[in-house]
Amino acid sequence: MPQYNHRETEQKWRKRWAETKLYQTDLGAGAKQAGLYRTDLGSSVEKVQDRPKYYNLVMFPYPSGDKLHIGHWYNYGPADTWGRYMRMKGFNVFQPMGYDAFGLPAENHAIKTGIHPDESTRKNTATMTEQLGRIGTMYDWEKTLDTSRPEYYRWTQWLFLQMFKNGLAYKKVASVNFCPNDQTVLANEQAQDGTCERCGAQVIQKPLNQWFWKITSYAQRLIDGLDTLAWPEKTKLMQRNWIGRSEGAEVRFEIEGSKEVITVFTTRVDTLFSAAFVVLAPEHPLVDTITAESEKKSVIKYREQAAKKTELQRTDLAKEKTGIFTGAFAVNPANGEKIPVWVADFVLAQYGHGAVFGDAHDERDFEFAKKYKISLKTTIQPADGSDDADIRSLKVCFGDDGILYDSGDFSGLTSAEARKKIAAWLGEKEKGNPVVNFRLRDWLLSRQRYWGAPIPIVYDPDGKPHPVPEEHLPWLLPTDVEFKPKGESPLTYSKEFAARTEKIFGKGWTPEYDTMDTFVCSSFYYLRYLMTGAEGGEKNFVEPRMEKKWMPVDMYIGGPEHACMHLIYARFVMMVLKDFGFVSHDEPFQRLVHQGLITNKGVKMSKSKGNVVSPDDFVDTYGSDVFRMYLMFMGPFTEGGDWSDKGITGVARFVERFYLLMSSDGKSGEEKVTDEPAMKRNLHATIKRVTEDMKKMQFNTAIAALMEFVNGCHKTGINREAKKLATMLISPLAPHLAEELWEIMGEKFSIVDQPWPGYDPSFLVTDTMTLAVQVNGKVRGELEVATGIQEDEIFAQASIIENVARHMEGKTPVKKIYVPGKLVSFVVK
């Protein structure tokens, strides 16, 4: 029997799949809803199109300059395995791929190499397309999109115009995160640790006139919608925390000797009677107005120092808090007491109203007051009724809920009761009101970079903004530009851009020079896949019937690092589009799975770290199927692991054994089965295990089950029907191998359109026992043996299990342990 030739086989089938357009999805055919499983489907295109829809999507990659690394394969290979499994389960699977081609990764590569980003992006996307093809994925390449192409970014600009027209886009001067190295503005999510996520430079604060989208208007809907999604609970919790809903009250403090009023948001209005001072953010507009003449120099100096700090530095709880007295006093609306007004950088202008009141019942305020010798008093005691002397004497800070005292008519109430009643009382006195606040800030999307979608706004001679009419979309990115960053948008230096604007709109008109955050590009791409290459796709954002049928995405796979960026932005945009009447769904992604991280010696793979491992050599040596299965065999898909190639030869041996077993006799007959009952038990137990593992995306244990199946067949023999079913089981995991074996067996092309095998529970009833097999204390496999088997035979069978043998290879057994009916354990050195 000839050996399995992976090079010829994989090239042969990829060519056949492309020629027959096997993976091209007719998005308009059929209208059946998902959830209706079909097991009587043949291989005709018509029947495939009539299946219920299943939208299987991975987060698309950045074509940033280098080839795909094994981390990409770990995402795309298993995601394709899932799509193939769902196709065999009876769904019409739509599985597209595209490129998030605008933005810093491509532009930084261009700056480094001197190659224009358009040229490098075209080259890199071609290389990545070729690499992705080698995985053997069933992408519908006719639906491929590239966010940097005019035919795509016209819709990025169209989306901006919809936001502008509906009052969700606005421009204001704001203190923003600015990367001095990349010379551009960063969203809060891109500078969470005070450094630029792209280059690692320390971020500074800089006032700039920027465009924003009002994502805060959707804060509550973004929280509520999470309850409808099949997402990891950790991811949903991260979004809830990032959006940061808090119920509280606004309190208005009048300024002594002034008509000005300071509005404060607080979640602890129950402590209002103990308010000892008010703190303003350095950027608060009232700082200039209320600061006493004698304090102005000190306040100006303090504000200059604060401007040099990042948001993270300012809010770091571990750092000592600093502040400066303004010389002004506020009046506590609860009791009429005068309290000092300070400026401190731990208060942020963008949260609440950029002002807080301080009291003895907050640890931060307590420490601040002690440092600056501000008088404090307590008004809350422990709920257990104890009168703690240390609390009243201000030796310790009591920050928990409790019972109010010295709080007027509210004394004796619990903190929870008091919060409601004091907020209502303030409303009656017109000195405050109950409110809900959110930590989420509006989406800042202006970028002073070249490689992005130009913002479709022009300014008249008086500086008033006007939308670029849709007939001028795409509002093309000019090419006569030096794309290296200089602190302002490179588009400022384009003569063509300025001339084009004046030609269309008139003398003195100027364009908006900033480009858009690339998270805008990825906030709607899942909709544009439905229209790419479709009739009318260049004129219509999304066809309503198509959107209603195919959305939401049934399975979305990508990294957890996008939890508070892309995954919030895309949800916001989908909600907005529904409100505007363009789509029928609130949420874009119904189910979300995060793949695990593949590290290299414990460190995340990164071009900047120089620890990226290319898959190409492994694919050349072992084949795509082997490499794909080896990555899945490393561990659970959602956990990932540290890269090592030590075990890949074991997977290669398994593929060879599987091929030889299944291809023997081809379509001419059956091998002799020496123990048919045992063979059937093995087969149906394997179908059950693989099916259960595939449902849970536990591809590593599905592969292990198939390895054990092959071991069993070498003892019992195998018939033609079992070969067919086993080949179907391995098809999503090793598509080229399965397609080749299916042809050898004389079956009709293609195996991916065969129904997923079912198992017969009656074959699973047996006088056997299943033993866990350990190597050095870790479970490496399972062994099913007949009851009453001899101990020596148990050890012999356990030692040849593929995964067990792999972990014992090259090592010396020093101890063997058998726990009857439960466990086999090998200790090796």
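For the structure itself, consult the block above.
So, here is what we can say about the structure in this document.

Rules behind the numbers
- Residues numbered from 1 in each chain as written.
- Predicted model: local features only at pLDDT ≥ 70, side-chain atom pairs only at ≥ 80, totals over all residues.
- Heavy atoms only, no water.
- Core = buried A, V, L, I, M, F, W, Y, C linked by side-chain atoms within 4.5 Å.
- Buried < 20%, exposed > 50% of the residue type's maximum accessible area, 1.4 Å probe, protein only.
- Pairing = 2+ DSSP bridges.
- Helix = DSSP H or I, 4+ residues; strand = E, 2+ residues; numbered from the N terminus.
- Salt bridge = Lys/Arg side-chain N within 4 Å of Asp/Glu carboxyl O.
- Contact = heavy atoms within 4.5 Å.

## Let's talk about the nonpolar core
W213 and Y526 are the most contacted members of the largest nonpolar core, which totals 170 residues. Counting residues in each nonpolar core, the second largest holds 52 residues, with F277, V278, V287 and V341 among its members.

## Overview of the sheet that holds strand β1 (residues 53–58)
An order of β2-β1-β21-β22 is seen for the four strands of this open sheet, with the pairing classed as parallel. Of all strands in the sheet, those bounded by a partner on one side alone are β2 (92–94) and β22 (592–593). In terms of strand pairing, β1 meets strand β21 (residues 555–557) through three bridges, oriented parallel. Directly across from L57, in β21, lies its bridge partner Y556.

## A look at unusual backbone geometry
The omega angle of the peptide bond from L473 to P474 is 0°, so this bond is cis rather than trans. For P474, the location among the structural elements is in the loop between β18 (465–467) and α15 (495–505). The omega torsion of the bond from F749 to S750 falls at 10°, within 30 degrees of zero and hence cis. With respect to the element layout, S750 can be found in the loop between α26 (735–744) and β26 (768–775). Its identity is not glycine, yet D406 carries a phi of approximately 50°, on the positive side.

## Topic: the pattern of salt bridges
Scanning the entire structure with this criterion turns up 43 salt bridges. In this structure, R303 engages D288 in a salt bridge whose closest nitrogen and oxygen atoms are separated by 2.7 Å. With a gap of 15 residues between them, R303 in helix α10 (residues 296–306) and D288 in helix α9 (residues 286–290) connect regions that are remote in the sequence. Linking K371 and E320 is a salt bridge whose minimum nitrogen-to-oxygen distance equals 3.3 Å. Taken as a pair, K371 in helix α12 (residues 363–371) and E320 in the loop between α11 (311–315) and β9 (323–331) lie far apart in primary sequence, 51 residues in all. Through salt bridges with shared partners, a single network forms among D118, R122, D146 and R149.

## Some remarks on the environment of Q774
Locating Q774 in the fold gives a position in strand β26. For the pair Q774 and E587, spaced 187 residues apart in sequence, the C-alpha to C-alpha distance is 45 Å. Look past the residues within four positions of Q774 in its chain and what remains in contact with it is V779, R780, L823, V824, S825 and F826.

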